[in-house]
Amino acid sequence: MKLDKIIDNMLESYNKYPDISKIDTVLQPDKEIILKILSRLQNIVFPGFFGRKDLSQQSAKYYLGDQLQIIYDDLKNQIYLALAYGEKYEGISEKEKEELSEKITLEFLSRLPMIRDFLATDAEATFDGDPAAFSKSEIVFSYPGYYAITVNRLAHELYLLEVPLIPRIMTEYAHGLTGIDIHPGATMGKYLMIDHGTGIVIGETTTIGEHVKIYQGVTLGALSTQGGQNLKNVKRHPTIEDNVTIYSNASILGGETVIGEGSTIGGNTFITKSVPAGTIVNNKAEQRFKQSQKYQDFGHGQFI
């Protein structure tokens, strides 16, 4: 087949499937620039860990100013382009878009100290909960769970500011690197620990309290997505209250499902109903084994 024929066939495909083509349309957000913004945000959220390594008290101010100016310019431009994807922004003028992009960018950057407050507690929880961790520096440098949390905390604030596209680009990038899939809409409290992390899925309307530990393979998902777009803006994912531990490969599903404070969810469990506070949940095989050993309760809760 000649190259001209291949070109004609591809052009025909472009016209046939316009939803996955961007031709004769507005300028698009640039994924590479967004990922560079994410990298620069990591540099200033964790000064001295990433980016410039020789910071002093004196040089930190100038470095921060330089990085923030670049982030501000790039993020404002990318938000401006992303607004074309938001239904609520249809019909607004170019001037209004420019003003809104600037406002959102400044508001997001003003939240960085608060994000660092949360991340400091996450590092503490991870260090305290992992005897294999030698230092908090090791966690910041190398733990995939902590990186996924970091990206989500940044992306979540953009999500709350109703920025289209960009939050999801950030969290899906972290998903690809770590195997941890956290939707930017998920709300996560302080002192969150994700251990190992591979295969974790946390859905958009999930709410997680404080001092929660989540191990690999856990799904905090929806009972069904058959309703498709009709389920948009509906609470589809569970609520996890404070001081809950969820062990590997547990699945907790449904927007009305609440895991009560202080509960422990055992590995390989499948939960679609709420669990009272202080409950220990195990799969049936393990529960029978523990019962046969007269190994129930310990005063920490009830097996179900």
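Note that this is a predicted model, so its numbers are computed, not measured. (Residues numbered from 1 in each chain as written. Predicted model: local features only at pLDDT ≥ 70, side-chain atom pairs only at ≥ 80, totals over all residues. Heavy atoms only, no water.)

This part takes up the side chain of Thr105. Mapped onto the secondary structure, Thr105 falls in helix H4 (residues 94-110). Look at Thr105 and you get buried, because its relative accessible area is 0%. Within polar-contact distance, the side chain of Thr105 engages the backbone oxygen of Ser101 at 2.7 Å. Apart from residues lying up to four places away in sequence, Thr105 is in contact with Tyr72, Leu75, Lys76 and Ile79. (Helix = DSSP H or I, 4+ residues; strand = E, 2+ residues; numbered from the N terminus. Buried < 20%, exposed > 50% of the residue type's maximum accessible area, 1.4 Å probe, protein only. Polar contact = N/O pair within 3.5 Å; in protein donor to acceptor, adjacent residues only side chain to side chain. Contact = heavy atoms within 4.5 Å.)

Phi angles above zero are rare outside glycine, and Leu165 is one such case at about 65°. The exposure class of Leu165 is partly exposed, given its relative accessible area of 35%. Here the phi dihedral of His211 falls at roughly 60°; this positive angle occurs in a residue that is not glycine. The topology assignment puts His211 in the loop between strand S5 (207-208) and strand S6 (213-215). Taking relative accessible area as the criterion, His211 reaches 37% and is therefore assigned partly exposed.

Taken residue by residue, the protein chain gives an average pLDDT of 90. The fraction at 70 or more is 89%. This model gives residues 288-304 a pLDDT under 50, and the stretch forms 27 contacts once residues within four places in sequence are excluded. (pLDDT = per-residue confidence, 0-100.)

The next point concerns the packing of helix H2 (residues 31-45) against helix H8 (residues 166-178). Where H2 meets H8, the closest approach of the two axes is 10 Å, and the angle between their N-to-C directions is 70°. What the angle tells us is that H2 and H8 run roughly perpendicular. Residue-level contacts link Lys31, Ile34, Leu35, Leu38 and Leu41 of H2 to Ile166, Ile169, Met170 and Tyr173 of H8. For the contact of H2 with H8, the class distribution of residues is eight nonpolar, no polar and one charged. (Axes fitted to C-alpha atoms, helices over the stretch in contact; angles between N-to-C directions. Parallel < 35°, antiparallel > 145°, perpendicular 65-115°, else oblique. Nonpolar A, V, L, I, M, F, W, Y, C, P; charged D, E, K, R; others polar.)

Strands pair in a sheet through their backbones, by hydrogen bonds, and they do so in one of two ways: parallel or antiparallel. Ordered in space as S1-S4-S7-S10-S13, the five strands form an open sheet in which the pairing is parallel. In this open sheet, the two strands that pair with only one neighbour each are strand S1 (181-182) and strand S13 (270-271). (Pairing = 2+ DSSP bridges.)

Let us now look at the packing of aromatic side chains. Enumeration according to the criterion identifies seven aromatic pairs in this entry. A ring pair is formed by Tyr215 and Tyr247, whose centres lie 5.0 Å apart and whose planes are at 20°; its orientation type is stacked. Placement of Tyr215 in strand S6 and of Tyr247 in the loop between strand S9 (245-246) and strand S10 (251-253) is noted, with a sequence separation of 32 residues between them. On the basis of relative accessibility, which here comes to 14%, the residue Tyr215 falls in the buried class. Within the aromatic cluster, the residues linked to one another by ring pairs are Phe46, Phe49, Phe50, Phe141 and Tyr146. The ring of Tyr80 is capped by Lys97, whose NZ or CZ atom sits 5.7 Å from the centre of that ring. (Phe/Tyr/Trp six-rings, centres within 6.5 Å; stacked < 30°, edge-to-face > 60°. Lys NZ or Arg CZ within 6 Å of the ring centre and 35° of its normal.)

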